[in-house]
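Below, each chain spelled out in residue letters.
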Amino acid sequence: MDDSRWATVLGFAGALVVLGALVWLVGVDETITALTSADPAGLALVIGIAVLWLTTWGLALWTVLRALDAPIPAYMAVLVFAGAIFSNNITPFGQAGGEPLSALLISTATDSEYETGLAAIASVDTIHFVPSLMYAVVGFTFVAAGAVRLGRNLMFAAVAVAVLTVGLPVGAYLGWRYRYELEATVVRLLTPLLQFLGRVVPGRSPPSKAGIEHRIEGFFAAIDRVAADRWTLVQTLGFSALGWACLVASLWTSLYAVGITVPVASVLLVVPVGSIASIAPLPGGSGAIETVLVTLLVSTTPATLVVATSAVLIHRGATYWLPTLVGAGVATALGADRATTRG
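Residues numbered from 1 in each chain as written. Predicted model: local features only at pLDDT ≥ 70, side-chain atom pairs only at ≥ 80, totals over all residues. Heavy atoms only, no water.

Draft legend 1. Layout of the side chain of T108. For T108, the position within the fold is in helix α5 (residues 95–110). Judged by its relative accessible area of 15%, T108 falls in the buried class. For T108, the side chain forms a polar contact with the main-chain oxygen of L104, separated by 2.8 Å. (Helix = DSSP H or I, 4+ residues; strand = E, 2+ residues; numbered from the N terminus. Buried < 20%, exposed > 50% of the residue type's maximum accessible area, 1.4 Å probe, protein only. Polar contact = N/O pair within 3.5 Å; in protein donor to acceptor, adjacent residues only side chain to side chain.)

Right, dumping it as structure tokens:
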């Protein structure tokens, strides 16, 4: 088994340990009882909402690919995005770890250059941050207004929202303002590494500095094209915002399915802040995201630990495992197609 597969296996093992510890602390029997007594209609609705979420974010990728002159049918964009989610969910550090594989899947599906696929998924992932911050700010405003005092977990949420609200715009501005300097720095840092890998990897020849520069310049040029296309940005932001609304609805409906109705404002806060845990060194943040979601739900709603844990497991089952299984099939099909084409 190669190193990447070992990393995936160990990552999933770590995620299972974290999830197992969470359920054990809450109560295994109590959690199972809550799950088995969940409303079947509510569970079916959660799955339907998850499919709608996957569709809207797939359409966000579809709009970006059209702007990059790599168009594919809308249904195919949804399936390819499922493949991208699969790559994120099986690699540590979530999107940061899965984007290289996602870019490969996109470039294969669109028959485009690798840097075009990387620019597409990087653009979509970046745009997704904007609506999440809006929802988090709105949710925190209402939750804080109704709170008698800010507990430790709410203070954590406040800090997370504040850091993202300030840090993301500043980072985006600096990245755009100094994009040419950033491009030159990336070329300078990656060229020796890629040339070294080209020498040591069997069957590969070291890439030239000019070739590396051309590919990196192509990536930044693609990013520029997306950023300069206002209509694409509006469409992508719209699909992204609708997708976040679906994620919020999924968690709210999961809570309803296990017998509790909570304020929508609390879920507006909990879902975006919980997604920050995807940076944990676990596949797709699995285990870490569940823990953060449960902790914040107990802090901001009347939900008990058992109810919150059961609802989160239902929510994550629909929004983590469902796209992972669909995406695995897409990734396998695209990988086979790539192998056939090369053969």
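Draft legend 2. Representation of the nonpolar core. Counting residues in hydrophobic clusters, the biggest one holds 64 residues, and the most contacted among them are L61, F81 and L255. Of all the elements, helix α3 (residues 40–67) adds the most residues to this core, at nine residues. With residues up to four places along the chain from it excluded, the contact list for F81 reads L54, W57, G58, L61, I121, V124 and H128. Counting six residues, the second largest nonpolar core, distinct from the first, contains L105, V330, A331 and L334. (Core = buried A, V, L, I, M, F, W, Y, C linked by side-chain atoms within 4.5 Å. Contact = heavy atoms within 4.5 Å.)

Draft legend 3. Expanded view of a nonpolar patch on the surface. Taken together, the side chains of W24, V28 and I32 make up a nonpolar region of the molecular surface, amounting to roughly 340 Å² of accessible area. Locating V28 in the fold gives a position in helix α2 (residues 28–36). Under the relative-accessibility criterion, V28 is labelled partly exposed at 36%. (Patch = residues over 30% accessible without salt bridge, like charges linked within 9 Å, V, L, I, M, F, W, Y side chains within 5 Å. Areas by Shrake-Rupley, 256 points an atom, 1.4 Å probe, with all protein chains shown as cover. Salt bridge = Lys/Arg side-chain N within 4 Å of Asp/Glu carboxyl O.)

Draft legend 4. Highlighting the packing of α3 against helix α4 (residues 74–89). With their axes 8 Å apart at the nearest point, α3 and α4 run at an angle of 105 degrees to one another. As summarised for this structure, α3 and α4 are arranged roughly perpendicular, according to the angle between their axes. The residues of α4 that touch α3, namely those facing W53, L54, T55, W57, G58, L59, L61 and W62, are A74, A77, V78, V80, F81, A82 and I85. Partitioning the contact of α3 with α4 into residue classes produces 13 nonpolar, two polar and no charged. (Axes fitted to C-alpha atoms, helices over the stretch in contact; angles between N-to-C directions. Parallel < 35°, antiparallel > 145°, perpendicular 65-115°, else oblique. Nonpolar A, V, L, I, M, F, W, Y, C, P; charged D, E, K, R; others polar.)

Draft legend 5. Here's a closer look at unusual backbone geometry. Unlike most non-glycine residues, D69 shows phi in positive territory, near 60 degrees. Within the secondary structure, D69 is located in the loop between α3 and α4. Its identity is not glycine, yet D111 carries a phi of approximately 55 degrees, on the positive side. Following the sequence through the fold, D111 ends up in the loop between α5 and α6 (114–146).

Draft legend 6. Structural context of the pattern of salt bridges. With the rule as written, the count across this model stands at one salt bridge. Between E290 and R316 there is a salt bridge, and its shortest N-O distance comes to 2.9 Å. Remark: R316 occurs in helix α13 (residues 305–342) and E290 occurs in helix α12 (residues 288–300); sequence separation between them is 26 residues. Owing to a relative accessible area of 4%, E290 belongs among the buried residues under this scheme. Look at R316 and you get buried, because its relative accessible area is 10%.

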